[in-house]
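# Coordinate inspection notes
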Amino acid sequence: MALNNSRTLRDKILKARELILSSEYVVVLTGAGISAESGVPTFRGSDGIWRNYNAMELATPEAFNTNPKLVWEFYLWRRRLIASCNPNPAHYALVKLEQKVPFFTLITQNVDGLHHKAGSKNVLEIHGNLWRVRCTRCGRNEYDTKTEMDVPPRCDSCGGILRPDVVWFGETLSTDVLSEAINSLKKADILLIVGTSGVVEPAASFGMIARQDGAFVIEVNLEKTPRSGFYNLTITGKAGEVLPQIVG
Ligand code: OAD
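Scoring rules and cut-offs
Every chain is numbered independently, its residues counted from 1 as its sequence is written. Reporting of local features is limited, given that this is a predicted model, to residues whose pLDDT is at least 70; pairs of side-chain atoms are given and counted only at 80 or more, and all residues count toward the totals for whole chains, interfaces and linings. Hydrogen atoms and water are omitted, and side-chain values are computed over all heavy atoms in the structure. At least two bridges found by DSSP between two strands is the condition for calling them paired. The secondary structure listing takes helices from DSSP runs of H or I that are at least 4 residues long and strands from runs of E that are at least 2 residues long, numbered from the N terminus. Under this scheme, a helix contributes an axis fitted over its contacting stretch, all axes are lines through C-alpha atoms, and angles between N-to-C directions fall in the 0 to 180 degree range. Pairs of residues are marked as contacts when any of their non-hydrogen atoms sit within 4.5 Å.

### Some remarks on the sheet that holds strand β5 (residues 141–143)
Across the sheet, three strands lie side by side as β5-β4-β6; this open sheet has antiparallel pairing. Both outer strands of the open sheet, β5 and β6 (162–166), are each paired with one neighbouring strand and no more. Each adjacent strand pair in this sheet contributes to an overall mean axis angle of 40°, direction not counted. As paired strands, strand β4 (residues 128–135) and β6 are joined by five bridges and run antiparallel to one another. Looking across to β6, one finds that G128 is bridged to V166. Against the sheet, helix α6 (residues 68–83) contacts β4 and β6, and its axis sits at roughly 140° relative to β4.

### Brief notes about the sheet that holds strand β3 (residues 123–125)
The pairing of strands in a sheet happens through backbone hydrogen bonds and is either parallel or antiparallel. One open sheet holds the six strands; their spatial order is β3-β2-β1-β7-β8-β9, and the pairing between them is parallel. Looking along the sheet, the strands with just one partner apiece sit at the ends: β3 and β9 (233–236). Ignoring strand direction, the axes of neighbouring strands in this sheet form an average angle of 15°. Sheet analysis places strand β1 (residues 25–30) next to strand β7 (residues 190–194), joined by five bridges and oriented parallel. Along β7, the bridge assignment pairs V26 with I190. Contacting β7, β8 (216–221) and β9, helix α11 (residues 239–247) runs over the sheet at an angle of about 140° to β8.

Below is the structure:
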């Protein structure tokens, strides 16, 4: 039985490899699972962040208006945690993949910056970046890698309160970034979805959008997700083990 399972897994990986490496346009969508092997906690697993913390008190505009200090403490805690994390073989496999196919877009829901740290170039961070701040008054944004600071920090230009430049629950995504992501999904020959539970919109629907427009959709995840049945191929395994085998 175990042998059969590993044969099936190997066959699926080989099929994914053949299809992906012969494609013109590959789009990849990643979620927290791709960074799990780097030591970054996911949101909904057994040790997931939202199991231990209340998202409504820490990741909404209302929470920030009510208690910016608390929200900032939460983001500084995550910054400190992520600062000691490095990209894993899954991130590096995607860097290699970008070099191997003619057209490539990496859409990530992750705010940890590990795809950039690994060396990926064409990355759309649809939920923003934890290492950037944005002024709530003048809108200026900039990278800021501090892990300790007086909170909430203030804007050097206008004195307004700075917030993490991430997308919170109840907020809309940047229209420019979202339309770039949708355009890439419509052009994709392959969409590879890695390490996302597929429950947060709009990314949860990206697989369906790509499929409707003719893409072959492949999912790599530790377990089946509510969306697995809609995809062409699902590979159950760790991203850090599966992706290097797909990309080679
Ligand atoms: P989740 O924590 O919801 O899901 C992580 C997924 O990764 C799960 O389906 C796991 O099975 C899978 N996984 C865990 N370890 C893995 C591994 N080593 N290899 C492959 N898969 C693995 O994270 P997201 O789907 O990214 O948004 O969550 C989506 C959004 O919800 C996040 O961007 C964040 C969150 O709340 C905001 O904060 C707005």
